[in-house]
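Listed below are the residues making up each chain.
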Amino acid sequence: WGVDRADGDYARYSEAGAMYAWPNTNSILIGRAGSDGRGITAFLARRDALGIGRRDSLHQITGTSNSDFRSVVLSENCGVESQETVVVYKDIAYFLSKDGVYQWSAEGIKCVSDGKVRSWFMTDTYFNRARFQYAFAGIDPVTNTYRLFLAAAGSSSENRWVELDLGSG
């Protein structure tokens, strides 16, 4: 699975058994064409599910072959700001959206930054939200945390980090 540089609204897939063959017919429109200026922003590969994020929505590919592949909308309320914030750990995908950090699991999509820290992602007081597309993250398996690196308010580089304790939330 991949995205064509010239047409970021479509997910493309290779021919079965031929990872070098990417015909134009092997493509699926993800969301609405031209709905944002960036197109597909991320792939979220869980064990038995492939999520595809746009800035304004999250989709899942269903099907088992190119005869029945299709895109299903999971959410039109959250999307993925940066592929580099997507981390899949123990079959749960974590990612940065425009209004906070989310997780996507077998139970669905949930905002894990609601509550005490929601304002960090909804205002320009704490982080430079214009740089969310450059944010990146990782999992620290020793401390069991999702660590997200962001630009401080007024900064032009990712020089701050926050952590989500995966055990306690």
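Summarised in this report is the structure supplied together with it. All values reported here derive from a predicted model rather than from experimental measurement.

## Observations concerning the pattern of salt bridges
Opposite charge on two side chains lets them pair, provided their charged atoms get close.
So, point 1. This model, assessed by the stated rule, comprises 13 salt bridges.
So, point 2. Residues Asp4 and Arg12 are paired through a salt bridge, measuring 3.0 Å at the closest nitrogen-oxygen approach.
So, point 3. Exposure remark for Arg12: the relative accessible area of 12% places this residue in the buried category.
So, point 4. Of the charged contacts, one joins Glu81 and Arg55 as a salt bridge, the two residues approaching to 3.1 Å between their closest N and O atoms. Highlighted residues: Glu81 in the loop between β7 (70-75) and β8 (87-89) and Arg55 in the loop between β5 (49-54) and β6 (57-62), separated in sequence by 26 residues.
So, point 5. The network of salt bridges with shared partners includes Arg38, Arg55 and Glu81.

## Describing the sheet that holds β7
So, point 1. The antiparallel open sheet is built from 4 strands, whose spatial order is β4-β5-β6-β7. What marks the edges here is a single partner per strand, and that holds for β4 (40-46) and β7. Ignoring strand direction, the axes of neighbouring strands in this sheet form an average angle of 30°.
So, point 2. Bridge count between β4 and β5: 6 bridges; the pairing is antiparallel. Bridging from a neighbouring strand, Leu44 pairs with Gly51 of β5.

What counts, and where the lines are drawn
Chains are numbered independently. Their residues run from 1 in the order of the written sequence. Residue-level local features of this predicted model are given only where pLDDT is at least 70; pairs of side-chain atoms are given and counted only at 80 or more, and the full residue set underlies all totals for whole chains, interfaces and linings. Calculation of side-chain values draws on the structure's entire complement of heavy atoms; hydrogens and water are dropped beforehand. The salt bridge definition used is simple: a Lys or Arg side-chain nitrogen within 4 Å of an Asp or Glu carboxyl oxygen. Classification of residues uses two cut-offs on accessible area relative to the type maximum, computed with a 1.4 Å probe and protein chains only: under 20% is buried, over 50% is exposed, and between them is partly exposed. The helix count covers DSSP runs of H or I at least four residues long, the strand count covers runs of E at least two residues long, and both are numbered beginning at the N terminus. If DSSP finds at least two bridges between two strands, the strands pair. With axes taken as lines fitted to C-alpha atoms, and helix axes fitted only over the stretch in contact, angles between N-to-C directions fall between 0 and 180 degrees.

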